[in-house]
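# A closer look at the structure
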Amino acid sequence: MFCEGKRTEPDYLKALKRESAVRDIAAVEIKVDDIQGVPLTLVGAAVEARALAQNSEVDEVWCLFDVEWPNNHPDLEQARNLAGDKNVHVAISNPCFELWLALHFQDQTAWLNNDQADQLLRRHDNSEGKGLDGTTYMPHRAEASRRARALDHKHSKDGTHFPHDNPSSGMYMFLESINQSPKDQR
């Protein structure tokens, strides 16, 4: 897992790793590489790691990044296309990862920018600034996944495509992937 954030995303992923439902699946290892940068840089690092891991037991490589509203990251479509071409999975949150966190507690279907997503999250999480207590979120990740999947369905039905699919988060796809049993992955 390559992620853009320095604290919030790694804190969430570390909490996820400690969950018995994840920890007890022997085939799953979540390693966070915190190469900060724009999405294209992250995807480039993930592609390189994927190539180096070809003969190892690494099944999937993921990139976790944001769209960032009101000023979108540059080369978002190029990063997404490169990932798809090189078998790197992406979990993109639009506008930002804070939306994914907020989805653990409530539905959100209206467009929002980064500041609004952060304010929405702070209604449920009393933490200040970056970083989080992952144990607050872990019991609600199934609800967050359901809500994020519903947002994807809504955007599909409405004909809204990336990067205009605000709000959305692909984190549910990552959770679904790690929740597959080794038998399911064959």
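Heads up: the structure comes first, above all this text.
Each chain has its residues counted from 1, running along the sequence as written. The predicted nature of this model means local features are confined to residues of pLDDT at least 70 and side-chain atom pairs, given and counted, to a pLDDT of 80 or more, with totals for whole chains, interfaces and linings taken over all residues. For side-chain calculations, the full set of non-hydrogen atoms in the structure is used, while hydrogens and water are omitted.

Turning to the overall build of the chain, a few remarks are in order. Counting from the N terminus, the helices are DSSP H or I runs at least four residues long and the strands are E runs at least two residues long. Secondary structure summary: the chain contains 8 helices and 4 strands in total. Order of helices (α) and strands (β) in the chain, N terminus to C terminus: β-α-α-α-β-α-β-α-α-α-β-α. Across the 186 residues of the chain, 48% fall into the buried class. Contact definition: two residues touch when any of their heavy atoms are within 4.5 Å. Sequence-distant contacts in the chain: of pairs separated by 6 or more residues, those separated by 24 or more amount to 75%. Areas reported as accessible are Shrake-Rupley estimates using a 1.4 Å probe. Residue values count occlusion only from the protein chains shown. When the accessible surface of the chain is totalled, it reaches about 9,700 Å², and 46% of it is carbon and sulfur. Each residue's exposure class comes from its accessible area (1.4 Å probe, protein chains only) as a fraction of the maximum for that residue type: buried when under 20%, exposed when over 50%, partly exposed otherwise.

Our next topic: unusual backbone geometry. Here the bond from asparagine 94 into proline 95 is cis, since omega is 20°, no more than 30 degrees from zero. Residue proline 167 is reached from asparagine 166 by a cis peptide bond, and omega for that bond is 0°. Examined against the element boundaries, proline 167 turns out to sit in the loop between α7 (141–158) and β4 (168–169). A positive phi angle, near 60°, is found at asparagine 87, a position not held by glycine. Within the secondary structure, asparagine 87 is located in the loop between α4 (76–85) and β3 (89–94). For asparagine 87, a relative accessible area of 42% translates into the label partly exposed.

What follows deals with the sheet that holds strand β1 (residues 2–3). Strand order in the open sheet formed by 4 strands is β1-β2-β3-β4, and the pairing between neighbours is mixed. Each of the sheet's edge strands pairs with one partner strand only, and the pair in question is β1 and β4. By this definition, two strands are paired if DSSP reports at least two bridges between them. In the sheet, strand β2 (residues 62–66) pairs with β3 via 5 bridges, with the strands oriented parallel. Looking across to β3, one finds that phenylalanine 65 is bridged to isoleucine 92. Inter-axis angles, ranging from 0 to 180 degrees, are taken between N-to-C directions of lines fitted to C-alpha atoms, where helices are fitted over the stretch in contact. Sitting on the sheet, helix α8 (residues 171–179) touches β2, β3 and β4, and the angle it makes with β2 is about 155°.

Moving on, we get to the packing of helix α3 (residues 39–52) against α4. Orientation of α3 relative to α4, taken along the N-to-C sense of each, is 15°, at an axis distance of 8 Å. Considering their axes alone, α3 and α4 lie roughly parallel with respect to each other. The hand of the α3/α4 crossing is left-handed. Between α3 and α4, the contacting residues are Pro39, Leu40, Val43, Gly44 and Val47 on the first element and Leu76, Gln78, Ala79, Leu82 and Ala83 on the second. Ten residue types, Ala, Val, Leu, Ile, Met, Phe, Trp, Tyr, Cys and Pro, are classed as nonpolar, four, Asp, Glu, Lys and Arg, as charged, and the remainder, Gly among them, as polar. The residue makeup of the contact of α3 with α4, split by class, is 8 nonpolar, 2 polar and no charged. Angle categories are assigned with fixed cut-offs, so that under 35 degrees is roughly parallel, over 145 is roughly antiparallel, 65 to 115 is roughly perpendicular, and the rest are oblique. Helix crossings are classified by the rotation of the near helix relative to the far one: an anticlockwise turn of less than a right angle makes the crossing left-handed, while a clockwise turn makes it right-handed.

Attention shifts here to the packing of aromatic side chains. Two rings from Phe, Tyr or Trp (for Trp, the six-membered ring) form a pair when their centres sit within 6.5 Å of each other. Planes less than 30 degrees apart are called stacked, planes more than 60 degrees apart edge-to-face, and all others tilted. Applying the stated criterion to the full structure yields 6 aromatic pairs. With a centroid separation of 5.7 Å and 80° between ring planes, the pair formed by tyrosine 12 and phenylalanine 97 is classed as edge-to-face. Here phenylalanine 97 lies in helix α5 (residues 97–102) and tyrosine 12 lies in helix α1 (residues 8–18), a separation of 85 residues in the sequence. Linked through ring pairs, Tyr12, Phe97, Trp100, Phe105 and Tyr137 together constitute an aromatic cluster.

One finds Tyr12, Trp100, Met171 and Phe174 to be the most contacted residues of the largest nonpolar core, which totals 32 residues. Going through the elements one at a time, α1, β2, α5, α6 (114–122), α7 and α8 are the ones with two or more residues in this core. In this structure, tyrosine 12 is in contact with Phe97, Trp100, Leu101, His104, Leu132, Tyr137, Met138, Arg141, Met171 and Leu175, ignoring residues within four places of it in sequence. For the purposes of this section, nonpolar cores are sets of buried Ala, Val, Leu, Ile, Met, Phe, Trp, Tyr and Cys residues that join through side-chain atoms within 4.5 Å. With 18 residues, the next largest nonpolar core counts Ala45, Ala46, Val67 and Ala79 among its residues.

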